[in-house]
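# Coordinates in review
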Amino acid sequence: MSLVHFQILSAALFSIGLYGVLARRSAVLILLSIELMLNAVNINLIAFSAYTESLASTGQVIAIFVITVAAAEVGLALAIIINLFRSKGSVDIDKIDVMRW
Amino acid sequence: MEERGTTMEVSWSSTGNNEPRSIFNRAAPGIITAKSEELIAMARKSSLWPMTFGLACCAIEMISTYMADHDLDRFGIVTWPSPRQSDVMIVAGTVVKKMAEPIKILYEQMPEPKWVIAMGSCATNGGPYYRSYSVVMGVDHIIPVDVYVPGCPPRPEALMDGILKLQDKITQDAKERGRK
Amino acid sequence: MGSTQESGTEGGVLTESLVVFLIISVVCVAGGLGVVFSRNVIHATFLLLVSLMGVAGIFLLLLAEFLALVQVLIYGGAITIVVLFVIMLTKSDEFESLVDNSQKPLAFLISIGLFVVMTVAAIAADNGNTVRASLKFSDLGHSLFTDWAIPFEVASLVLLVALIGAIVISKQGEEE
Amino acid sequence: MSLLDLLKTISAIMGMLTVLSVIVLSLTLLERKFIGRIQMRKGPNRVGPFGLLQPVADAIKLVAKEDILPTWVDKVIYWVSPLVVFIPTFMIWVTIPVARDVVIRNLDMGLFYIIAFSVLSIVGLISAGWASANKYAIIGGFRAAAQLISYEIPIILSVLAIAMLAGSLNLERIVDAQATKPYIFLQPLGAFLFLCGGLAELGRTPFDIHPAESEVVGGPFVEYSGAHWSVFFLAEYINTFAIAALTTLLFLGGWLFPGLPGNVTASGVLVFLTKTYLVVLVIFWFRGTYPRLRIDQLMSLGWKVLVPLGFINVVVTAVALKTELPEIILGLISFVILASTFWIISVRMRTAPKPEYTVRLYDPSLEGLNAR
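Residues numbered from 1 in each chain as written. Chains lettered and ligands numbered in written order. Predicted model: local features only at pLDDT ≥ 70, side-chain atom pairs only at ≥ 80, totals over all residues. Heavy atoms only, no water.

### Quick look at the sheet that holds strand E1 (residues 50-51) of chain B
Hydrogen bonds between backbone atoms are what pair the strands of a sheet, whose relative direction is either parallel or antiparallel. Residues and elements named next belong to chain B. Reading across the sheet, the four strands line up as E1-E2-E3-E4 and stay open at both edges, with parallel pairing between neighbours. Whereas interior strands pair on both sides, the edge strands pair on one side only; in this sheet they are E1 and strand E4 (147-149). One ladder, built from three bridges, connects strand E3 (residues 115-119) with E4; its direction is parallel. Paired with Met 119 across the two strands is Val 149, which belongs to E4. Packing against the sheet, helix H4 (residues 58-66) makes contact with E1, strand E2 (88-92) and E3, and its axis sits at approximately 135° to E2. Sheet strands in contact with helix H5 (residues 97-109) are E1, E2 and E3, and its direction is about 165° off that of E2. (Pairing = 2+ DSSP bridges. Helix = DSSP H or I, 4+ residues; strand = E, 2+ residues; numbered from the N terminus. Contact = heavy atoms within 4.5 Å. Axes fitted to C-alpha atoms, helices over the stretch in contact; angles between N-to-C directions.)

### A few points about the pairing of E3 of chain B
Residues and elements named next belong to chain B. Within E3, five of the five residues are buried, which leaves it mostly tucked inside the rest of the structure. Every second residue of E3 is oriented toward a common face, with Trp 115, Ile 117 and Met 119 on one face and Val 116 and Ala 118 on the other, all of them buried. In this structure, E2 lies alongside E3, joined through five bridges in parallel fashion. Bridge assignment links Val 88 to a residue of E3, and that residue is Trp 115. (Buried < 20%, exposed > 50% of the residue type's maximum accessible area, 1.4 Å probe, protein only.)

### Description of the interface of chain A and chain C
With 66 residues of chain A at the interface, the matching set in chain C holds 84 residues. For the pair chain A and chain C, the summed buried surface comes to about 7,000 Å²; carbon and sulfur atoms form 75% of the total. Our count for the chain A to chain C interface comes out at zero salt bridges. Across the chain A-chain C interface, the total number found is seven residue pairs in polar contact (both at pLDDT 80 or more). Sorting the residues of the side of chain A that touches chain C by element identifies helix H1 (3-23), helix H2 (27-51) and helix H3 (58-88) of chain A as the ones contributing at least two each. Examining the composition of the side of chain A that touches chain C, we find that 23 residues originate from one element, H3 of chain A, more than from any other. When the residues that make up the side of chain A that touches chain C are grouped by side-chain class, the tally is 43 nonpolar, 17 polar and six charged. (Buried area = accessible area lost by both parts, 1.4 Å probe. Salt bridge = Lys/Arg side-chain N within 4 Å of Asp/Glu carboxyl O. Polar contact = N/O pair within 3.5 Å; in protein donor to acceptor, adjacent residues only side chain to side chain. Nonpolar A, V, L, I, M, F, W, Y, C, P; charged D, E, K, R; others polar.)

### So, empty space enclosed by the protein
Rolled over the atoms, a probe as big as a water molecule pinpoints where empty space is left. All names here are of chain D. All told, the structure shown has five cavities of 30 Å³ or more when counted by the stated rule. Forming the walls of the largest cavity are 29 residues, and the residues nearest its centre are Ser 118, Ser 121, Glu 201, Leu 202 and Asn 239. Secondary structure elements with two or more residues in the lining of the largest cavity: helix H3 (75-91), helix H4 (110-131), helix H5 (135-166), helix H8 (188-202) and helix H10 (226-251). Residues that form the lining of the largest cavity fall into these classes: 20 nonpolar, six polar and three charged. (1 Å grid on protein atoms, 1.4 Å probe; cavity = no way out; pocket = protein on both sides within 12 Å on 5 of 7 lines; lining within 4 Å. Points joined across faces, edges and corners; volume = space filled by probe spheres on them.)

### Points about the packing of aromatic side chains
Considering all chains together, one arrives at 25 aromatic pairs over all chains under this definition. Centroid distance Trp 49 of chain B to Trp 80 of chain B: 4.6 Å. Interplanar angle 15°. Geometry classified as stacked. In this pair, Trp 49 of chain B sits in the loop between helix H3 (33-46) and E1 while Trp 80 of chain B sits in the loop between H4 and E2, placing the two residues 31 residues apart along the sequence. For the pair formed by Trp 49 of chain B and Trp 80 of chain B, the shared burial category is buried. With a centroid separation of 4.3 Å and 10° between ring planes, the pair formed by Tyr 78 of chain D and Tyr 224 of chain D is classed as stacked. Pair noted here: Tyr 78 of chain D is in helix H3 and Tyr 224 of chain D is in the loop between helix H9 (213-216) and H10, with a separation of 146 residues, a long-range link. Of the residues examined, Tyr 224 of chain D reaches a relative accessible area of 0% and is grouped as buried. These aromatic residues form a ring-pair network of at least three members: Trp 49 and Trp 80 of chain B together with Trp 229, Phe 233 and Tyr 237 of chain D. Its end group placed over the ring of Tyr 107 of chain B, Lys 114 of chain B keeps NZ or CZ at 4.5 Å from the ring centre. It is Lys 61 of chain D that lies over the ring of Trp 49 of chain B; its NZ or CZ is 3.6 Å from the centre. (Phe/Tyr/Trp six-rings, centres within 6.5 Å; stacked < 30°, edge-to-face > 60°. Lys NZ or Arg CZ within 6 Å of the ring centre and 35° of its normal.)

Everything listed is a geometric property; what it means functionally is a separate question.
Structure representation (structure tokens):
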């Protein structure tokens, strides 16, 4: 098991997440795909820090920040989705093409 | 586990010893099938969980039976709110026609094996409301009943007697199934 | 946990940690595929949880125990449940009809292409030293509160602001 | 990891499963007997000597019962969610020491591990509620989620203060640090927060709003029957025992007792089990004594009382550690805060204005006004 394995796994998860973001219509499902992409990034960060001695703690610390930001992002995004649902009656991204309403 | 020590001897056993038996029972009488059946029956009769619902005045007596004075918990009986987890249904009170359908649904929602106690004369045969336009003449028109408890309403002791009768019935049924 | 030793041989040899890695990564990728292909949004959420627990397992393989536990706590305990709450608050029968949009083939091509590019880049890159190093829990904490003290404070501020913002945004819709 | 280590770990896990199952059986009987005594009745006494075989009978009956799969359920999630609840409850026992060195794997981050995995079982409750296709089940599931997320914070805060005092997250070290003084004397406020949060996390009376039988007829478990339901039941009682064991380890000095050697395994296990069963009895005592809280009362207790108290607890402990206050003063401060909280609550309950109930009769002339 070497760094390449983790990189390939991370690439696979990132591409899957990207597909979800591009191909889905529901806002909630897009949010879930973004979570997937963030986790792919985290795998990469920690793998590099584990296999590079000079970066021993840096990768993990940045991964902690990524998780923090992901939590904040989920909170805000879900609030926006609820608000959107209240005013539009739908969570379909395609229907939300006006910037103000 | 010693069976005789904890089960009640039932004298009104109708099955004789000269009935046809399965190959297991002939080869090793009462060791494999009968014993496991009876063991499970013992467990079942020792933890009868009734569904809690009351229909009329009998419910008051039923509630009083669960309470501290009469303490059905001694027999391992705890009431349960959901039909999915209960074994016995105590139909306590008048079964009006509007309530017939819910009772039937609740009975069908209970998992096998399940038993029904009809408590009070209304649930047994309509009681004082005999030939009333709105009352079902006994809950056995809707669901099969195992034990009838007479009285209007029956005292808690009568309900406890009915439950003991049901326990006898469970052991007896298991024994008879084991003999076949 | 924490006792997984580096099982020396590399490159094509099926060591025991490689087997564990393969199992976990299959769980991860299958969960991820489930998230993007499932037609039921609740199933997608639970599959996301499966995938993220797999990621926690990957963190364990990388000897980052703290991160693995954080992953379980934050994603398992908080994010999935909040997402489920929001799905229940919105119209869930609507989700059946709006799974995929018309960009689907294009999105498929783009993500496959990205995956190929990234994989080739990863394989082609020369990863010189490939020895996994464990990091002591206390060292992580020490580094977090000395070298990274200011970013840490900023991150907590970000969380606070996001909390207030989420409350304000969801309250706004209520008044309208 | 060599093969021998693997075998050792597996046998330890199997032993843990067996012991925990026996403990669950003993707990159900203990609860029924104890609550029976509180309610001035006898409790189960017909099955076996003194009713000792009652839990065995219950277990056999539950396993032999029919397992119903209702029509509208989501089959996979319906069958998986008992396991999702059950596995984390077992996994946290991996790192709970019963006596010195009597533990499957003593983790350096033991406390954090326990908190992280105990949260995971909420997902099982929600998925059980959702998959059951039953309105009571889903209301119960979401009540469970709301309750557990809110009460996780006081638990984490009280545990944080303990970790600061002991300087470790390793449960054995935490117990060692209590050699001369159990932390309940230093942290009465923390102990109160932990027990409150623990009870809420278990969903036991006074916080049992998610299986509330008179409101949501058993919450997420409504549709489950037979063996699958008993898995939930097992998980609940193992969690009860785990919370009691954690209270013992964190606040009551674990396997240490003045006058008894802490290093002898037998006496350690005995002391630990005695303390844990006493805490379990306290939990059952609450069940026999207190009525259930309403969900709004539960939420306001959690967010308006316990979370602020938790932050106060952490700050007080940190200041005391930084200024090197004598421990007795820290204990006194903590106790004063706890006592004044109780005093304020009791005063407010006594002086609160009585709610005025208005009976609204049906008035056909208002039909047009009320209709929306």
